[in-house]
Amino acid sequence: MSRHADDIHVPFVFASLALAVLGGFTLAVSLPVEAALGGYDVGWVSHAQVHGHLQVVGFAGLFVVGVSMKLAPRFASRSDVALASLVTPGFGLMVFGILLRIVGQPLAEHSPFPVLLGAGAFAEAAGALLLAAVLLATLRPALGALDPPALLLGSAACWLAVQGVLGAWWLTELATEGGTILVGTRNSALVNIQFFGVVMGAILGVGMRTFPTFFGAPPTSKPLGRLVFALAAVGVAGWTAGTAWSTPAWLASGGQALVGAAVLTAVGTFGLTSRKHRLAAASSGYVWALRAVMAWLAVTGVVLLWSGSAALLDGVRVGFDEVDAARHIFAVGVVTLAIIAMAQLILPEFASERLVRQPWPHRGVAFAVTLSAAVALRGLAPLLDVEGDLRWWLMAAGGTLGLAGTGAFAFLYARARRGHTAYRRRIAALRNREATLKMADG
């Protein structure tokens, strides 16, 4: 593997963690505290939409896209990504666009901030299109063979492009009007695409390839894997159309139910109930974190399928509380925990760390407990009909735990990256010394 392929994920990881710790999770704490203290107003809603974008695109999106860049060549039996020259400009445009939206949307009533909001939306869309092109070109051989993990990862790339284009369209209209709040149906449609099209597609694709191996389960059969892909693709498309446009209510609720069915079908092949695992001794502490990821993924599927099916039978759209709960269960219990656990199993920085020091054996359990508690406080509160200020304080507590877990992981990654760089320098120096000695002997 080339040096470019080995390091391709690094800027994505650092940027995503910075946006999460300094922006997304910080707002996850401050916004509910502000609401509990009576600060719920138009500005609060605008910042809440920024918070959602920071978390799903800035944190989860950038991280899974960056790691997908590293993993996609393996899906297609390549040594490096295709169209590698597009990765840096694509990454730069996406980060630039996210930063412009952070500044532009809350202040879009005042010049020149509407220009920043519109420019940010177009920059982010351009970056998304470039990165989607890289992933699809890299995966092309596996996509041609209809390999299920590649289909799911490829669908994530397609939805990345779609949400970028829709975001550019809708946010440009918002900027033209000088508004600070994107219409609720449009905002909800974008968040659903980003969560359940982009992020879920990548997680299911990688999970279908790795989880059965980790837990000694049989590989997912191709027909079943293709069914998961089809259910997810049709479900997200219907859910998006039914949410964003004036279409029959059954399209949104039915689409959501299909996404839930896709999730549960995938989880059924991942080895959730297996008591054994194949992780190496140095990594065995993460088995409980992976089990928690799969458990929360199953809960996400149940909530999506149950609420979607109930709304479908009643001929209505799913209520906000049910959708909000599903998003946050998925965001914290699946996405954040999967990022933290899987990164420590597959990224080279943590592999180097295990060579020089034995990580704390309970690290995986600590992350699983912390983030599962965050899910219980933030994700389950809407389902339990918690009302009044207590609901806001529970959300703030959940956000605090999420911030603590993500901040701890950011520290561990930065330390592991520094150690990995030093380790590679030592290896390079030894090789140079060996080459010099061979030349001298010759």
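Everything discussed here concerns the structure shown above.
Worth saying up front: this structure is predicted, and the values here are computed from it rather than measured. (Residues numbered from 1 in each chain as written. Predicted model: local features only at pLDDT ≥ 70, side-chain atom pairs only at ≥ 80, totals over all residues. Heavy atoms only, no water.)

Undergrad: Whenever I open this one, a nonpolar patch on the surface confuses me. Can you help?
TA: A cluster of nonpolar side chains, contributed by Trp288, Val365 and Val369, occupies part of the molecular surface with about 300 Å² of accessible area. Mapped onto the elements, Val369 comes out in helix 13 (residues 363-378). (Patch = residues over 30% accessible without salt bridge, like charges linked within 9 Å, V, L, I, M, F, W, Y side chains within 5 Å. Areas by Shrake-Rupley, 256 points an atom, 1.4 Å probe, with all protein chains shown as cover. Salt bridge = Lys/Arg side-chain N within 4 Å of Asp/Glu carboxyl O. Helix = DSSP H or I, 4+ residues; strand = E, 2+ residues; numbered from the N terminus.)

Undergrad: Could you clarify how one ought to interpret the packing of helix 5 (residues 113-144) against helix 6 (residues 148-177) in this entry?
TA: Running from N to C, helix 5 and helix 6 point in directions that differ by 165°, and their axes come no closer than 8 Å. Classified by the angle between their axes, helix 5 and helix 6 sit roughly antiparallel to one another. Pair helix 5 / helix 6 crosses with left-handed handedness. Residues belonging to the contact of helix 5 with helix 6 are distributed by class as follows: 26 nonpolar, six polar and one charged. (Axes fitted to C-alpha atoms, helices over the stretch in contact; angles between N-to-C directions. Parallel < 35°, antiparallel > 145°, perpendicular 65-115°, else oblique. Left-handed = near helix turned anticlockwise from the far one by under 90°. Nonpolar A, V, L, I, M, F, W, Y, C, P; charged D, E, K, R; others polar.)

Undergrad: I'm lost on empty space enclosed by the protein in this one. Help?
TA: On inspection of all chains with the given rule, the structure shows five cavities of 30 Å³ or more. The calculated volume of the largest cavity comes to roughly 240 Å³. Sorting the residues of the lining of the largest cavity by element identifies helix 3 (42-75), helix 7 (184-214) and helix 11 (320-346) as the ones contributing at least two each. Roughly 60 Å³ of internal volume is contained in the second largest cavity. If you go around the second largest cavity, the residues you meet are His53, Arg101, Ala121, Glu124, Ala125, Gln163, Gly164, Gly167, Ala168, Leu171, Leu190 and Gln194. Of all the secondary structure elements, the ones that give two or more residues to the lining of the second largest cavity are helix 5, helix 6 and helix 7. Each residue belonging to the lining of the second largest cavity can be placed in one class, and the counts come to five nonpolar, five polar and two charged. (1 Å grid on protein atoms, 1.4 Å probe; cavity = no way out; pocket = protein on both sides within 12 Å on 5 of 7 lines; lining within 4 Å. Points joined across faces, edges and corners; volume = space filled by probe spheres on them.)

Undergrad: In this structure, what is going on with the environment of Val386? I would like to understand it.
TA: Along the chain, Val386 turns up in the loop between helix 13 and helix 14 (388-441). Judged by relative accessible area, Val386 falls into the buried class, the value being 15%. Look past the residues within four positions of Val386 in its chain and what remains in contact with it is Ala381, Arg391 and Leu394. (Buried < 20%, exposed > 50% of the residue type's maximum accessible area, 1.4 Å probe, protein only. Contact = heavy atoms within 4.5 Å.)

Undergrad: What's the story with the packing of helix 8 (residues 222-244) against helix 9 (residues 249-267) in this structure? I'm lost.
TA: If you want to describe how two helices pack, look at the angle between their axes and the distance between the axes. Closest axis-to-axis distance for the helix 8/helix 9 pair is 7 Å, and the angle between their directions is 155°. Relative to helix 9, the element helix 8 lies roughly antiparallel. Between helix 8 and helix 9 lies a crossing whose hand is left-handed. Where helix 8 abuts helix 9, its residues Leu224, Val228, Leu231, Ala232, Val234, Gly235, Val236, Gly238, Trp239, Ala241, Gly242 and Thr243 lie against Leu251, Ala252, Gly255, Gln256, Leu258, Val259, Ala261, Ala262, Thr265 and Ala266. Of the residues assigned to the contact of helix 8 with helix 9, the class counts are 15 nonpolar, seven polar and no charged.

Undergrad: In this structure, what is going on with the packing of aromatic side chains? I would like to understand it.
TA: Given two aromatic rings, their pairing is described by the distance between the two centres and the angle made by the two planes. This model, assessed by the stated rule, comprises 17 aromatic pairs. Seen in terms of ring centroids, Phe25 and Phe59 are 5.9 Å apart; in terms of plane orientation they differ by 65°. Their pairing is edge-to-face. Remark: Phe59 occurs in helix 3 and Phe25 occurs in helix 2 (residues 10-36); sequence separation between them is 34 residues. Residue class for Phe59 comes out buried when judged on its relative accessible area of 3%. Measuring from centroid to centroid gives 6.5 Å for Phe211 and Phe214, while their planes differ by 45°, and the two rings are tilted. With Phe211 and Phe214 both in helix 7 and three residues apart, the pair spans about one turn of that helix. The rings of Phe14, Phe63, Phe350, Phe409 and Tyr413 are connected pair by pair, giving a single aromatic cluster. Note that Arg209 overlies the ring of Phe75, its terminal NZ or CZ placed 4.6 Å from the centroid. (Phe/Tyr/Trp six-rings, centres within 6.5 Å; stacked < 30°, edge-to-face > 60°. Lys NZ or Arg CZ within 6 Å of the ring centre and 35° of its normal.)

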